[in-house]
Every structure is written in C-alpha cells, then in structure tokens.
Amino acid sequence: MIKANSQTSTLTSANHQHKVYPHHHLLGIDGLTKLDIDHLLNRSEYFVKHNQQINKKCSNLQGRTIINLFFESSTRTKTSFELAGKRLGSDVINMSIESSSIKKGESLIDTAMTLNAMHPDVLVVRHPESGEVQLLSQKVKCSVINAGDGSHEHPTQALLDALTIRRRKGSLEGLEVAICGDITHSRVARSNIHLLLIMGARVRLIAPPTLLPSKIECMGVQIHHNMKSGIAGCDIIMMLRLQKERTHGSFVPSAREYFRYFGLDMNKLQAAKPNALIMHPGPMNRGVEIDSLVADDIKRSLIREQVEMGVAVRMAVLDLLVGGQGKI
Amino acid sequence: MTTLYNNARLLDPASGLDMIGALVVHEGKIAKVSNKVFVDSSRVDSDIIDCGERCLAPGLVDMRAQVREPGNEHIENMSSAQKAAVAGGITTFAPLPNTNPVIDDVSLLEFVQRRALEIGLANVHPYAAITKGLRGHEITEFGMLADSGAVAFTDGKHSVANSLVMRRALSYASMFKRTIVQHPEDPYLASKGSANEGQTATRLGLSGIPSAAEVIMLERDLRLVELTGGNYHAAHLSTAAAVEAIRQAKKRGLPVTCETAPPYFALNEDAIIGYRTFARLSPPLRSEQDRLAVVAGLADGTIDAIASDHDPHDPDRKNVPFSQAAPGGIGLETLLTISLELVHTKAMKLIDLLQRLTVAPARILGLPYGTLKVGGDADLVIFDLNRIGKVAPERFASKSRNTPFDKRPIEGRVWRTVYRGNVVYDVEK
C-alpha cells in the first residue's frame, strides 16, 4: 500500500480511489467531505444495531492491535474506544501518560517511534496541545485517530453528535444549531462547527466575549452574547463544559453569574423551538452550564444517547480505517 | 404641588437654551419651561420663587466622588456627602467603590443604594469594582452588579495594571453595556512618587510621578479598546499628553470619553509649595503647560466632563509629612464655583461649561439627568454667577476639610438646589 503523508492537511489520503472512505487517518473534521461524513454515519448506524445484540463481538478487526495513547485524562472517550476496539475483535492496549512526566517535541516523537516499532495498526491519541496528534501521525506508519488535541479538534465527538441528531431529526440539513459556552477552549465546538456547516446546518455560538476566540465568525457562524435571543428558534442546543478554574474571575467572574446568563435552564429553554433537543459532550457541571432539570429531561436531553452513539461511531471509524475495507 | 421658579436665566445645555423666563415644577417634575416672566404673580395659583435673574440650570451630575461609608464614616458618611453635594449644586453623584469593604458584590452595592435612599437628598448611582477587592486580578460579577444598578465599573484610585485583566474587563463589560472607568496611571512609574516630576518636586526634594505615567496607561488602554470594542472612560486627566491621546482616539472613532476635575484646570504644581498636603492629589497637580492643555481640552470638547473628584481625608492623614500624606482633596462644594472661573476668564461659555457638568457626565453613565426637559425630574441648581466670595471650608457640610482651594477668592455662589421639586439646599438657611 502506498501511503501519502500530507504535511498540511489534517487528513491523509491513501492512494486507493476505490476505497469508500479514502483516508488513512482521522485527525479532524476539517477537510472531510459530506460524502465522507455520510459514509461514516451510515456505517455507524450499522454498529448501533450491532451493539443492541446480545453477542456484540465480531471479527472485523481480528488480529489488529490498537493502542490508546492518552496524554490527558479521559474516562468516557478512552472507555468508548477500548470497547469499540474489543467488540471489533482487536487487541487494545491502554497507555496513559501523565502530561507532567512527558516533555514536548522530541520525547513525543521518541514515544511515537517506540510505539511504531511495535507495529500497531491504530493509535488513538489524545493530547493537551493543539496539533500534537497531527505531528505524531507524521512519524508513524499506522493509522492515527485524533481523540482530542488541545483546543483544536475532537472528530469522533462531532461524528457521534451528528449521528445522534440524524437519528432524531432525519437529517442535519437546514437545522438551526446553537453551541453555547466556552468556545475558546473547546475542541468539541470546533469539530462540530466544521461538521455541521459541511452537512448544511446553520450554527450560532452563544458565549460571553471572554470565551469566544477572535475572528471565529469567519468560520461561518453567527455570534450571540444573549442566551435567550441566541437559542430563539433553535432545533438543537449543544452545551459545552465550563471548567471550574475558569469561573473565578479570569474568563468569567463566578459560576453563579455564568449560570444566570449562560446556564441552560427551563426558563431560557422556552426561547428555543418546542421540540428543541439538548446535547452535552460531558462531563457536565450541573448548576454551572446546565440545570439538572434540563439535563435529566428525558424528552429533551440526548446526553445519554450521545454516549451510546459514541461506541458505534468509534467502531465505524476503526472499521473503515483498518477493518473490512469499508463494505456496508 | 406646583412651584413657579420665576424670573430666572434658564440654561439647558442639552438643548442650548439660554433665556430669561420661568420654570414650572409640578409633583417633582418639570412641567413647563417658559420664556415669559410672570409680572403679576398674584394671579398664579402656585408657590412662587423669585430667582432674581439668577442662573437656573439642571442639577449638576458628578461622576466621581468618594464617600467613606461603609468603613470610614467619620471621614464622610452618606448623609454628610449628600449634604455637601447639594450645597455644591450637585443633585446626582456616582460614588467610587473604594470603601471598606470594597463594593465588589451585589449585597454591598445594595447597602450603598439603601443608605443613599434613606438620606434622599440627591440621586446616588454607585460604581462597582472592576476587580475583586480592587486587587487587579479577578473581575467582579459585572452582570449581576449591572442588573442591581451598578452605573459603571472602576477600581477607583487604582489602575487596572494587568493588560489581560483589562482586556477581559472591557470585553466582558461590553456584554452588559457598561463603561469601564480607569484611573490612568502606571503604578510602577508612580510608585513612591508624591508630586509631579519636575522643577517644583526637585526643588522641594520630593520624589516625582512623571506625566508619562498617565499617558502610558491611557495609550495601552486605548489599544485594548480598539481590540475589544468596549466602552472606556479615563478619569481625572491631568496631563497635556493624555488630553492629546484622547483627542486622537476620538478622531479614530474609538468609544472613549474622559473627564477632569477642578484642581487640574485651576491649579498647577506650585500649589504644593510649602509642602501643602491638601494640594497632594492623585494624579498630582501638574505643570502650567499641562493645566493649559486641560483648559484647552475642556474648551474644544476633548474632555467630556468635569467631576468633583471628591476625596475626603481626616487630619490624621493630612497633618503628616508631605510624602506620607494621603493624596486627594474634597471637591463637592467647590465643583461649580471653581469651574465658573473658566467662564470668568473667558476660556469657556457658560452654557458649554454647564454641559460638561450636567448632561455630558449623565450621558457617559447612561443616566437620564442633566436636562431641563419637560417631564423630567425637577433636579435644579440656581446660582449667582457673579457674587464675590471665598472658599470657606469651616462652613462646609462635608465632614472633611482637605480642600486644595482653601480661602481661594471665588466669583459665583450656589443659591438654591432643588431635588425632585424640593429645595434641598438654600444658602440663606
């Protein structure tokens, strides 16, 4: 197999035009086409059904080795990838490396070289610095899946969000989606913005100016600083986690003030469409960005469904990258 | 209840009105502004106050005054501050948050508002702090404070020195349509200085604060305003360079305003000669050239407003060596009379001066005061333009005496102050 490692694109195209999913890595949503995403979501649907069976094990990835390489703590993403790999019949190794014990640059590359020598088939990598997963992908032969890099991208989260929405609304096209909260530090927001716009949805961002990165409107989104006017007429409201250390007077003066103006509660939710659905990538800070009544409202909240879709989406990604050649 | 203020020179800087006439107040509101003087007042069914052709203007709006309540009520409490304000013709003022404790929380803001209402002689619209405890690190709850009536945000006599904090404050405050009011002074250049750096300080052997300390902080802030689009107001400008920086910023269309205070256009650094601690101010009194630039800035509108910069201190903090004395001077009761010097020296027209003292600061703070509009609150000042006198602190309503204008000859005197239709100050009583 001839592999073209691109230095600039977040994706690396393999020279196999006949493949339905023509990429060697999944480093980000930016650069994917509508066709790629549709294909990934269709394949994910298959695994949703597969996961509802009693015997969830299959052999699509039998004999393959997946290494979960996490330079930042994670519970749900790591577990989700591990489960996905195991259900596909592969061997999964977890490596958690305390970010304090590693140094950037050379040592990351050294780690990559070491792992490369063990001939894994997939590296699932999370790193606290933007761009580090891409750097690592250039140093190894196997496929690399970005499980979140800094404030850059978290593609599987965007895909599982898209799958969740698609299953409820039929399609993403024409939907009004609001993404609320700490946009500045959010890789989930960036991946979702790319994906939603590619799929024809309209995106509004709602946040205080201190949590909006400069020139974000150039990505093709609308900006709102007022929650009620921001979610007016929305089909989907995606809440983002606001880390507690950012609520002590630096980005936001206090958690209570943040909740008053940007926390999603039943009162603010009335501004959205009556059938608007609520999403959150987790883990939630109840009482900071979301009220428990909203988070636990089984009619409106998709939060648990998102987790379920996560496993299916990750199985689809693994399968399409290194599994049974992408047949549905 | 209806009151007729007859035979007055009516001055309304918001509309440019300047004429002899009468003003009718009904139920605390301005009911009529007339160019007729009632000759036969027996036919008028209301109380009549004959103003004797004195000037009648909107009550002054003072956007920068310090009240020492809570914390140091013996220096100035809400009652003495309101009495001093109305004695100076001021019917609205904005106290700074640098009390003890600092006004950085909704409950403290509400305390000040409640105390102000209990006294009830003037409108009081308090500021809240930009940073918790005025420490310059963490921004306060702008949203909740603004919703509770914080008129704007300022760290009082402290500069927000950290550029990142200032950037976020400007950015975050813009969401709630509030202005950030800065004391523009680089704290590192100003540290240990007690007088304007220059000839006078050098001869007196005092360590100086260079005028650059003001413009450096101001120009940094102007860049941050450009970056964030936040509303910004520079308080008590004292230097030629700072006035010029604001002039250029306004030409560029930045959303900035500024104010100065009477000491900076009526005095220069020579007022400290003899180590007069009452003339130790913050920012320090500057050179004559700076003073002239402040006057020019006021005249051409670069400087939007004049505030009292009322900063009371007890003798324990002023009867000490100059470098140890607390900077600041009182100003509520001399705001109008000292400002009138600009009219008497023909630097400004009376109507323009009144604009800087009434509607201009009201607009900066987003308050509906400072006009003689029919239907508005009857907050008025009636003053003699030409009556000769002297600044007499022993007769002040303020609890403190530290005025830099002690015994200064003045031309002009507040005759009556009216707040919501009630006479709250009468010079003859």
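Fair warning: this is a prediction, and the values are worked out from it, not measured in the lab.

### Some details on the UniProt feature "binding site: carbamoyl phosphate" (unreviewed entry) in chain A
All names here are of chain A. As annotated in UniProt, the feature "binding site: carbamoyl phosphate" (unreviewed entry) corresponds to R76, T77, R126, H154, Q157, G282 and P283 in the numbering used here. Within the annotated group just given, the residues that line the largest pocket are R76, T77, R126, H154, Q157, G282 and P283. Position of R126 relative to the elements: it lies in strand 3 (residues 122-127). If we ignore the near neighbours within four places in the chain, the residues touching R126 are L69, F70, F71, E72, S73, S74, T77, A147, G148, H154 and R187. The class of P283 is partly exposed, set by a relative accessible area of 40%. When sequence neighbours within four positions are dropped, the list of residues in contact with P283 reads R76, R241 and E289.

### Focus on the interface of chain A and chain B
If you look at the interface, chain A gives 15 residues, while chain B gives 17 residues. When chain A packs against chain B, the two sides together hide about 1400 Å² of surface, and 54% of this comes from carbon and sulfur. It is P253, R256 and E257 of chain A that lose the most area in chain A upon contact with chain B, and together they represent 33% of the buried surface on that side. The tally of links between chain A and chain B comes to 3 salt bridges. Ionic pairing is found between D105 of chain B and R256 of chain A, a salt bridge with its closest N-O pair at 3.5 Å.

### Looking at unusual backbone geometry
Residues and elements named next belong to chain B. With an omega of 5°, the peptide bond running from E69 to P70 counts as cis. Along the chain, P70 falls in the loop between strand 6 (60-65) and helix 1 (78-87). Look at the link from N100 to P101: it is a cis peptide, with omega at 0°. Mapped onto the secondary structure, P101 falls in the loop between strand 7 (90-95) and helix 2 (106-119). One non-glycine residue with positive phi stands out, namely E27, at about 50°. Inspection of the secondary structure puts E27 in the loop between strand 2 (17-26) and strand 3 (29-34).

### A short note on the sheet that holds strand 7 (residues 222-224) of chain A
Residues and elements named next belong to chain A. Spatially, 7-6-5-8-9 is the arrangement adopted by the 5 strands of the open sheet, whose pairing is parallel. For this open sheet the edge positions go to strand 7 and strand 9 (277-279), each flanked by a neighbour on one side alone. Sheet twist, expressed as the average angle between the axes of neighbouring strands with direction ignored, equals 25°. Inspection of the sheet shows strand 5 (residues 176-180) paired to strand 8 (residues 236-239) by 4 bridges, in the parallel sense. Residue pairing for strand 8: V177 is matched across the bridge by I236. Helix-sheet contacts for helix 6 (residues 187-198) involve strand 5, strand 6 (202-206) and strand 8, and the interaxial angle to strand 5 is about 170°.

### Observations regarding the UniProt feature "binding site: substrate" (unreviewed entry) in chain B
Residues and elements named next belong to chain B. Taking the numbering used here, the UniProt-annotated feature "binding site: substrate" (unreviewed entry) corresponds to N98, H313, P327 and G328. These annotated residues cover 231 residues of sequence, and their C-alpha atoms lie no more than 14.0 Å from one another, placing them together at a single site. Here, the largest cavity is lined by G328 out of the annotated residues. As for its position among the elements, P327 is in the loop between strand 15 (305-306) and helix 11 (335-339). Not counting residues up to four positions away in its chain, the partners in contact with P327 are K157, R280, L281, S282, D311, H313 and K318. For G328, the location among the structural elements is in the loop between strand 15 and helix 11. When near neighbours in sequence (up to four residues on either side) are disregarded, G328 contacts F278, R280, L281, S282, D311, H313, K318 and N402.

### Describing the UniProt feature "binding site: L-aspartate" (unreviewed entry) in chain A
Residue and element names in this part refer to chain A. Mapped onto the present numbering, the UniProt feature "binding site: L-aspartate" (unreviewed entry) falls on K104, R187 and R241. Of the residues named above, R187 and R241 line the largest pocket. Relative to the helices and strands, R187 is located in helix 6. Excluding its chain neighbours within four sequence positions, the residues that come into contact with R187 are E72, R126, H127, G148, D149, G150, S151, H152, E153 and H154.

### Regarding the side chain of Q157 of chain A
Residues and elements named next belong to chain A. Mapped onto the elements, Q157 comes out in helix 5 (residues 155-169). On the basis of relative accessible area, Q157 is assigned to the buried category, the value being 7%. If sequence neighbours within four positions are ignored, Q157 has contacts with V188, P281, Q306 and R314.

### Structural notes on the packing of helix 1 (residues 34-50) of chain A against helix 11 (residues 303-322) of chain A
Residue and element names in this part refer to chain A. At a minimum axis distance of 8 Å, the contact between helix 1 and helix 11 shows a crossing angle of 120°. One way to sum up the angle between helix 1 and helix 11 is to call them oblique. You can see that helix 1 and helix 11 cross each other, and the crossing is right-handed. Along the contact surface, helix 1 presents H39, L40, R43, S44, F47, V48 and H50, while helix 11 presents E308, M309, A312, V313, M315, A316, V317, D319 and L320.

### Concerning the pattern of salt bridges
Overall, the coordinates contain 40 salt bridges over all chains when judged by the stated rule. Among the ionic pairs, R204 of chain A bridges to E176 of chain A, the shortest N-O distance being 3.1 Å. A residue pair is termed long-range when its members are at least 10 positions apart, and R204 of chain A in strand 6 and E176 of chain A in strand 5 qualify at 28 residues. Using a relative accessible area of 15% as the deciding quantity, one classes E176 of chain A as buried. The shortest N-O distance in the salt bridge between E226 of chain B and R252 of chain B comes to 3.3 Å.

### Remarks on the sheet that holds strand 2 (residues 91-96) of chain A
All names here are of chain A. If you trace the 4 strands from one edge of the open sheet to the other, you get 2-1-3-4, paired in parallel fashion. Of all the strands in the sheet, the pair left with one neighbour each is strand 2 and strand 4 (143-149). Averaged over all pairs of adjacent strands, the angle between their axes in this sheet comes to 15°, without regard to strand direction. With 5 bridges joining them, strand 3 and strand 4 adopt parallel strand pairing. The partner of L123 across the bridge, within strand 4, is V144.

Calculation notes
Per-chain numbering applies: the sequence of each chain, read as written, is numbered from 1 onward. To label them, take the chains in the order written and letter them from A, then take the ligands in the order written and number them from 1. Residues qualify for local features only when their pLDDT is at least 70, as the model is predicted, and side-chain atom pairs are given and counted only at 80 or more; totals for whole chains, interfaces and linings, by contrast, use all residues. Hydrogens are left out, water is left out, and the side-chain values use all remaining heavy atoms of the structure. UniProt positions are given in the numbering used here, feature names are shortened, and annotations may be inferred rather than shown by experiment. Definitions used throughout: a 1 Å grid over protein atoms alone; a cavity as a set of points that fits a 1.4 Å probe which cannot get out; a pocket as an open set with protein on both sides within 12 Å along at least five of seven lines; a lining residue as one with an atom within 4 Å of a point. A run of DSSP states H or I qualifies as a helix once it reaches four residues; a run of E qualifies as a strand once it reaches two. Both are numbered from the N-terminal end. Whether two residues are in contact is decided by their heavy atoms: any pair within 4.5 Å suffices. Only protein chains enter the accessibility calculation, which uses a 1.4 Å probe. A residue is then buried if its area is under 20% of the maximum for its type, exposed if over 50%, and partly exposed in between. Defined in terms of a 1.4 Å probe, buried area is the accessible area two parts forfeit on being brought together, summed over both. Here, a salt bridge means any side-chain nitrogen of Lys or Arg that lies within 4 Å of a carboxyl oxygen of Asp or Glu. For two strands to be treated as a pair, DSSP must find no fewer than two bridges joining them. Only C-alpha atoms enter the line fits that serve as axes; for helices the fit covers just the stretch in contact. Angles between N-to-C directions range over 0 to 180 degrees. Note that the term roughly parallel is reserved for angles under 35 degrees, roughly antiparallel for angles over 145, roughly perpendicular for angles of 65 to 115, and oblique for everything else. Crossings are assigned a handedness: left-handed for a near helix turned anticlockwise from the far helix by less than a right angle, right-handed for a clockwise turn.

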